[in-house]
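Report on the structure
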Protein chains: 2
Amino acid sequence: MNVGVVGAGDVGSAVVELAEAYGHAVTGFADSRSAVVDADGIDVASALSTKRTEGTVGSGDPEAVLDAEYDVLVEATPTTLGDAEPGFSHVRTALERDRHVVLANKGPIAERYGDVRELEAESAGSVRFEATVGGAIPVISTIEGFGTSRVDSLHGVLNGTANFVLSRMSAEGLDYEHVLAEAQDLGVAEADPTFDVDGTDTALKGVIVANLLFDGEYSIEDASVDGIQALPGTLLELAREDGQTIRLLAEVRNGSVRVSPRLVPVESPVAPTGTHNAVQLDIENAGQMNLSGRGAGGVETASAVLTDIGRLSGKQTKR
Amino acid sequence: MNVGVVGAGDVGSAVVELAEAYGHAVTGFADSRSAVVDADGIDVASALSTKRTEGTVGSGDPEAVLDAEYDVLVEATPTTLGDAEPGFSHVRTALERDRHVVLANKGPIAERYGDVRELEAESAGSVRFEATVGGAIPVISTIEGFGTSRVDSLHGVLNGTANFVLSRMSAEGLDYEHVLAEAQDLGVAEADPTFDVDGTDTALKGVIVANLLFDGEYSIEDASVDGIQALPGTLLELAREDGQTIRLLAEVRNGSVRVSPRLVPVESPVAPTGTHNAVQLDIENAGQMNLSGRGAGGVETASAVLTDIGRLSGKQTKR
């Protein structure tokens, strides 16, 4: 397939770098300031090198990528709340051109799910978003495989940064501030980790799952969200004495989304260590199903994007 | 879809019972001695009740189901080794009629994979076999989703009976013979549990995964297999003192299949308790992925069969 990629952060860059190995050609690639477009396939090595040395992927207008020749547009710009722009407009442009869309950006599918599905219904293209929940872990396609109406609930850990902080606090008896600084030194936490530790990122993922399970139009406004910033290290120590620990859990069940620090047994399938993610699904007839693995990382998330593109390969658009 | 079901054990019966809820009609149903066939859909309740009271599903010739009007034939007769008959002939008949086949029977896909793929290549029908490995857990479709060539290895627990026995031996410090008798009382182990405890069942599942990963023609002859019958309870106690336990692991990697009792940390993702199954996949770019859940049970395995049928629904045969 010909792939256009908007967004040149860790995920977008990894998609561009790995696309050829997955049998696809990159015909357009844009960051927020520039683009490179070539219907015969861009020079990937050159674009990534230019990005590293000069901070731009090429010399074209970033909007040019939206009009390029692609079968699938990969939307990998940063997640934004509210109107989910500019991601949402990119999705609209591609669908109006009857192209497929694969999202790594959570915004459009968490904040404007109904709008996206409406555009999709009028398009020959399809929308996929495996990479938005659980990184490399196939949470979305597993739910789709069983049938969204047969999955009663999901709960688990969907943010690696918060999980790393809680794991370290528990294992070492250290304070939140201390561990967060360590996580930033290690590159596990961003310079501004607000959305990771205050539960926003986890909530957006929970909302995406809720949209799928309950066929709804949930947005982050509908989620109840508590973060981990105020957790005293002593609480984790207390939990540990009883074979318990604390994890920032997303709970999607009975039509609601809740994110909060919760006490769970240390050996619980939803108590991964380090930056791992882990979810448990409750599925009619199949019972409880646990999935865990790498929930973040450019290459891991790109693998989910490329797997989505593979699923679309069998699916021709009508144009 | 119209579904024909051969085999009226726990899995076949559960498929027949649940089919309507998944949007399918059962047009034929056979056990080893009888069949009931109706192009408009059989009376499921009556067939299952006749099976319970009289031991047969109806009054027809069991072969009649193979000629019935179905889009998908579900092969749920007991697994046999070597020529994998009569399952293999059922698969052949359906594929030669350009119908899809969904297997719960491991025999044809473990022992005659090359023959099955050859018949499939000449047919308008497709073959699916999610239910043959890991019960309700979507092991096969997860591997297919990432691309079989990108999954480097699988290891884990694929037999619930053996796992129950090892879990109990470890938790209670009891001997193998004692726990096995208990498992038989509970219905977790069959009257003849040979294939579960000697590793044969696990090996067949490992061989199926090897056929998929290495695109080979493996059979159980190619697997190295050790069972759990000779494990002294004291060994499990010794392991436990060091935070370890013993699990009957299938290891599919580097072109080989090995089944043997292995020492693993108690908190390892491949050390499920009770009758659960758990596998870890090593996937290019995605990293290590863990899946666990219910690896057996009529309803759970039927759920995998029905999910396979759902996947085929989108896929029209050419006839």
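Just so we're clear, the structure is a prediction, and the values are computed from it rather than from any experiment.

Moving on to the overall build of chain A. Within chain A, the regular secondary structure consists of twelve helices and twelve strands. Rg of the C-alpha trace for chain A: 20 Å, near the compact-globule value of 20 Å for 319 residues, within the 12% margin. Its C-alpha atoms put chain A at 60 × 45 × 35 Å along the principal axes. Taken across its 319 residues, chain A has 59% of its residues classed as buried. Contacts in chain A between residues far apart in sequence, at least 24 positions, make up 67% of those at least 6 positions apart. Here chain A displays about 12300 Å² of accessible surface, and carbon together with sulfur accounts for 44% of that area.

Judged by how many residues are buried, helix 6 (residues 139-146) of chain A sits mostly within the fold: six of eight residues are covered. If you check which residues of helix 6 of chain A are buried, you get Val139(A), Ile140(A), Ser141(A), Thr142(A), Ile143(A) and Phe146(A).

Let us now look at the packing of aromatic side chains. Residues and elements named next belong to chain A. Under the definition given, this model contains two aromatic pairs over all chains. Between the aromatic rings of Phe214 and Tyr218, the centroid separation amounts to 6.0 Å while the plane-to-plane angle is 50 degrees, which identifies the pairing as tilted. Take Phe214: its relative accessible area is 24%, and that puts it in the partly exposed class. The class for Tyr218 is buried, based on a relative accessible area of 16%.

Let's shift gears to the domain arrangement of chain A. For interface size, the figure often reported is the accessible area lost on association. All names here are of chain A. Looking at the assigned domains, one finds that chain A contains domain 1 (2-135 + 299-313) and domain 2 (140-293). A separation of 27 Å is found between the C-alpha centroids of domain 1 and domain 2. The partner domain 2 presents 20 residues to the 16 residues of domain 1 that form the contact. When residues of domain 1 are sorted by the area they lose upon contact with domain 2, Ala110, Tyr113 and Val133 head the list and together hold 33% of the total. Across the domain 1-domain 2 interface, the total number found is two salt bridges. Between Lys106 and Asp201 there is a salt bridge, and its shortest N-O distance comes to 3.2 Å. At the surface where domain 1 touches domain 2, the tally comes to seven residue pairs in polar contact (both at pLDDT 80 or more). Of all the secondary-structure elements, those providing two or more residues to the side of domain 1 that touches domain 2 are helix 4 (107-111) and helix 5 (113-121). Its residues assigned to classes, the side of domain 1 that touches domain 2 shows six nonpolar, four polar and six charged.

Here is what the cut-offs are and how they apply
- Residues numbered from 1 in each chain as written.
- Chains lettered and ligands numbered in written order.
- Predicted model: local features only at pLDDT ≥ 70, side-chain atom pairs only at ≥ 80, totals over all residues.
- Heavy atoms only, no water.
- Helix = DSSP H or I, 4+ residues; strand = E, 2+ residues; numbered from the N terminus.
- Rg over C-alpha atoms; globule rule 2.2 N^0.38 Å.
- Buried < 20%, exposed > 50% of the residue type's maximum accessible area, 1.4 Å probe, protein only.
- Contact = heavy atoms within 4.5 Å.
- Areas by Shrake-Rupley, 256 points an atom, 1.4 Å probe, with all protein chains shown as cover.
- Phe/Tyr/Trp six-rings, centres within 6.5 Å; stacked < 30°, edge-to-face > 60°.
- Domains from an automatic or database assignment.
- Buried area = accessible area lost by both parts, 1.4 Å probe.
- Salt bridge = Lys/Arg side-chain N within 4 Å of Asp/Glu carboxyl O.
- Polar contact = N/O pair within 3.5 Å; in protein donor to acceptor, adjacent residues only side chain to side chain.
- Nonpolar A, V, L, I, M, F, W, Y, C, P; charged D, E, K, R; others polar.

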